[in-house]
Amino acid sequence: MTYIAKPRLHHPTLTRNKVGYTRRDYEGKVSTLCAGCGHDSVSAAIVQACWELDIAPHRVAKLSGIGCSSKTPDYFLGASHGFNTVHGRMPSVLTGAALANRELLYLGISGDGDSASIGLGQFAHAMRRGVRMVYIVENNGVYGLTKGQFSATADRGSQSKKGVVNAENPVDLVSMALQLGATFVARGFSGDKAQLVPLIKGAMAHGGAAFLDVISPCVAFNNHAGSTRSYDHVRAHNEAVGRIDFIDLAKEVIAAPAPDEVLELPQADGSVMRLRKLHEGYDPSDRRAAMNLVQQLAEQGEIATGLLYVDPRPRDLHAALNTVQQPLNALQDEALCPGREALERINAGLR
Amino acid sequence: MSMHRIEAVNDFVVKFANVNGSGSASANELFAKAILRTGVPVSPRNIFPSNIQGLPTWYEVRVSQEGWLGRRGGVDMMVAMNPQTWERDVAEIEPGGYLFYDSTRPLPESAFRRDITVIGMPVTAICNATYEDPRQRTLFKNIMVLGALSALMDIDAQVLEQLLAEQYKGKERLLESNLRALQAGRGFAKDHLQPPRHPGIGLKVRRADTVGERIFVDGNSAAALGCVYGGATVCAWYPLTPSTSTAEAFTSWCGKLRRDPETGQARYAIVQAEDEIAAIGIVTGAGWNGARAFTATSGPGVSLMTEFIGLAYFAEIPVTIINVQRGGPSTGMPTRTQQADLLSCAYASHGDTKHVMLLPQDPAECFEHAAAALDLADRLQTPVFVMTDLDIGMNQRLCKPFAWDDARRMDRGKVLSAEQLEAGFDFGRYKDVDGDGIPWRTLPGTHPSKGSYFTRGTTRNAYAVYSEAGSDYVDNVQRLLKKFATAATIVPPPEITAAQKQTRLGVAYFGSTAPAMEEALARLAAQGIHLDAMRLKAFPFPQAVADFVDTHDHVFVVEQNRDAQMRALLMGELEVDPERLIRVLHYDGTPITARFITEAIVEHVHALAVAPRRERTSS
């Protein structure tokens, strides 16, 4: 239960990262989700990614909408401010928060009901606005808290636990994000932490709108035969197109030259993302190719995962608005109020 | 037939009836400004359609040397340039008044009234003879009419020429052709429309000195400037009549006043959102993260925002909403004015909610209240509405100059610093530390290990920990009530004006009703009806409001909506006996007039005199 405090005991041998935190410092309250829920694996991956990236927990703001996935920000990064907003409206709140203080890392957690149904509009507009953020959708194709209704990402033909066959076409958030101009688009699987953690790290290092769709099976309502979001189905149809080996070149010297199948992508924060090609003909900097590949694999019943697209030189909303470098929430009266003299000139012009 | 012609100097109402998109707005505004520059107060009002081109539009100019800025009621002269509305325009003229029209096409005698003076000028014919270009023919028609009116009403030609010179500064050719049109109109009028050939117009303008230092500005620009001075850094909005020009004015003011002088970078962020829900979401996120943020909208936008307003109320996040009210419900009368969002804003969102509202009377107060709202929102950590309306927002109004004290500082409210947290402040996000119901808050990123909390719209205890305990819920909502009581002590108090003679009758009014009400009070006093007046400036009601109501047998509540919404607020919040609050309601979408208020109150007073209210018994 969320109101049960976790023991604060730290094992003395726990390794500290470069900013002095152990992995435990990135954890949150005890999860109230079902045992085996994919979302808890995503939370664990976020904890690991933040610890490995040496991010001070209080420099992260975590925001979510409503739903099972949106509860999870309480279960990681307990030292960060969190905001469980309104159903489907996390993107706008995150946008406002990001405008107020450009120096924090904004982590948006949402689900398929939250982002693909009620919040499809806000999802789309946050992507096209280029808000600098890590936007994770924990995608299980089903409404968990209300007990098993199809969500808008459920595949056509997928069967519910009660045996109903979904007759509607799915919303593919990855394809939408690609089309709408997100500058980092990836898909992960909660059952593959080795793939997921580097994807989250890559998204966190990215300087623009980063979207990460994580297939995260619902053990209670969507993990049966006939579902296309079950662990078994996703494992059988997971087609990883590229793998990130995230290496921070600003801090480490890499001696060995990269092998041919590895792409090095410098990131906005000075780090370098290494991308290992797993799929023939795959170019992660070609947005159109990424869209084609995702569609192609979907037609074959496969799920494209891994880093699908990245623009190494993204332009975020602050750049578009040409805002000052100092956080807007730190500006004082002198910088904001033009004063009496200016007002008198304005008055003179209104007579 | 002998006729009583209206003869008036510096005290009359002229209404221009035009076709939308015909370029009349600019010439009409010149008419008003020229009189203003002559030192005579004017108050113009646009009555415009939801349309870009073709539908009827009116511009009503009240000229009043005495300084009455509300609508008087009635029209002394109609400048009827729109055949579509001819009949009702002609019918609206006061007996003895004037009809100015384009006589190019002859009209049957039946189209006119016999109790008014008709001034026909073949404007189209003159323009067609003078100009080749069809666009010029239309545009200069308006300037030519302006010229004719100025000659017939003794409006100083030099003042008009000066105004044109200001308008077309750097565009000499345009200025030249405008001046020619003006002169052509003046010349024709002098030759054909004045005695001895024609009785002329008995409405005259004489130089006076009753404008003083006042400025002439619309409420939306003023509210936007108030947001600049009040320190707003984030504005998110969605276009919606009649609020749109607020965000546009904020953009324009910020471009001039809020750029870093060295880098040219913006000390503000403005986002035109995809809808009002996103707009209020952005404002909520920015307020949560410590930036002063506002949105400008109208009733339909508030309807969409209500879920977020409830979140901001319950999670206690500063939010400023400028509601430029229009005629509702639904799409209602999108280009007409009303004060009909009082209840939907005061109690916006599901569950028990109450919100702070400020009620500016004119652009000067739009400026003041916008800046004050940003302070109040931060101080109270709650949504604050600035309830203006189309009449104030989209019409230029003569008002006192904007004022600012350079010693004033933003009130950022109770925000804990890293030092305070480090010093061991026992931080409970929803804990009432100071006894005023207002808790302390922290901003994200403040301290590495202290002060973080989880914000949510669900119930929690004083330390922001999720709770389903009824006692935690009750403690929290009771504290919110206490906070609301605190709000009543810091919002602007009502402005109370005692009648010249002692009276047991009072009147309560607010917002754009103010100028018409002031005039009505003077007229009523002249008829021997004396009323103590209370101009409400804010909700929740400060103690002075309850005291005023308590000390009068009857209080007229004058407002611009059907359902007597302010009266309902007074009844509900102050538990006033409904019999003592008398409705005076105007809600046809046009701004309330002094005549309407006067007549309504006279009628009620007579009725009260016939059947005096029985004293309440102590049952």
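Cut-off values and rules
- Residues numbered from 1 in each chain as written.
- Chains lettered and ligands numbered in written order.
- Predicted model: local features only at pLDDT ≥ 70, side-chain atom pairs only at ≥ 80, totals over all residues.
- Helix = DSSP H or I, 4+ residues; strand = E, 2+ residues; numbered from the N terminus.
- Buried ≥ 20, exposed ≤ 12 C-beta atoms within 10 Å, placed from the backbone.
- Contact = placed C-beta atoms within 7 Å.
- Pairing = 2+ DSSP bridges.
- Axes fitted to C-alpha atoms, helices over the stretch in contact; angles between N-to-C directions.
- Nonpolar A, V, L, I, M, F, W, Y, C, P; charged D, E, K, R; others polar.
- Core = buried A, V, L, I, M, F, W, Y, C linked by C-beta atoms within 7 Å.
- Domains from an automatic or database assignment.

## Things to note about the overall build of chain A
Inference 1: In terms of regular secondary structure, chain A is built from 12 helices and 12 strands.
Inference 2: Scored against the burial criterion, the 351 residues of chain A give a buried share of 53%.
Inference 3: Of the contacts made within chain A by residues no fewer than 6 positions apart, 71% connect residues no fewer than 24 positions apart.

## Remarks on the sheet that holds strand β10 (residues 234-237) of chain B
Residues and elements named next belong to chain B.
Inference 1: Read across the open sheet, the 7 strands follow the order β11-β10-β12-β13-β15-β14-β21; overall the sheet is mixed. Since the sheet does not close on itself, it has two edges, and those belong to β11 (269-272) and β21 (538-539), each with one partner.
Inference 2: Bridge analysis of β10 against strand β12 (residues 293-297) gives 2 bridges, and the strand direction is parallel. Following the sheet pairing, valine 234 is matched in β12 by alanine 293.

## Overview of the sheet that holds strand β19 (residues 505-510) of chain B
Residues and elements named next belong to chain B.
Inference 1: The strand order across the open sheet formed by 5 strands is β18-β20-β19-β22-β23, and the pairing between neighbours is mixed. Here the strands that pair on one side only, and so sit at the sheet edges, are β18 (495-497) and β23 (581-585). Neighbour to neighbour, the strand axes of the sheet diverge by 20° on average, direction disregarded.
Inference 2: Judged from the 5 bridges that link them, β19 and strand β20 (residues 532-536) form a sheet pairing that is parallel.

## Brief notes about the interface of chain B and chain A
Inference 1: Opposite the 55 residues of chain B that make contact, chain A presents 49 residues.
Inference 2: Elements represented by at least two residues in the side of chain B that touches chain A include exactly β9 (215-218), α7 (219-229), β10, β11, α9 (276-288), α10 (299-315) and β17 (454-456) of chain B.
Inference 3: Of all the elements, α9 of chain B adds the most residues to the side of chain B that touches chain A, at 9 residues.
Inference 4: Classifying every residue of the side of chain B that touches chain A gives 33 nonpolar, 15 polar and 7 charged.
Inference 5: In the sheet, strand β2 (residues 81-84) of chain A pairs with β17 of chain B via 3 bridges, with the strands oriented parallel. Its bridge partner being in β17 of chain B, glycine 82 of chain A is matched across the sheet by phenylalanine 454 of chain B.

## Concerning the nonpolar core
Inference 1: By size, the foremost hydrophobic cluster in this structure holds 267 residues, and its most contacted members are Val185 and Leu212 of chain A together with Val234, Leu358 and Val557 of chain B.
Inference 2: If one sorts the elements of this core by residue count, helix α12 (residues 363-380) of chain B sits on top with 11 residues.
Inference 3: The residues touching leucine 358 of chain B, leaving out its near neighbours within four places in the chain, are His369, Ala372, Ala373, Val384, Phe385, Val386, Met387, Val491, Pro492, Lys537 and Ala538 of chain B.

## Quick word on the domain arrangement of chain B
All names here are of chain B.
Inference 1: Here chain B is partitioned into domain 1 (8-204), domain 2 (216-399), domain 3 (418-490) and domain 4 (495-610).
Inference 2: Computed over C-alpha atoms only, the centres of domain 1 and domain 4 are separated by 36 Å.
Inference 3: At the junction of the two partners, domain 1 supplies 9 residues and domain 4 supplies 10 residues.
Inference 4: In the side of domain 1 that touches domain 4, the residues fall into 3 nonpolar, 3 polar and 3 charged.

## A few points about the pairing of strand β1 (residues 60-64) of chain A
All names here are of chain A.
Inference 1: In terms of burial, β1 is a largely internal element, 5 of the 5 residues being buried.
Inference 2: Because side chains alternate across β1, one face comprises the buried residues Val60, Lys62 and Ser64, and the other comprises Ala61 and Leu63, equally buried.
Inference 3: For β1 and strand β3 (residues 105-111), the ladder comprises 5 bridges, and the chain directions are parallel. When the sheet's bridge partners are listed, serine 64 is paired in β3 with isoleucine 109.
Inference 4: Of the pairings in the sheet, the one linking β1 to β2 comprises 4 bridges and is parallel in character. Each residue of the ladder has a partner; that of leucine 63, found in β2, is phenylalanine 83.

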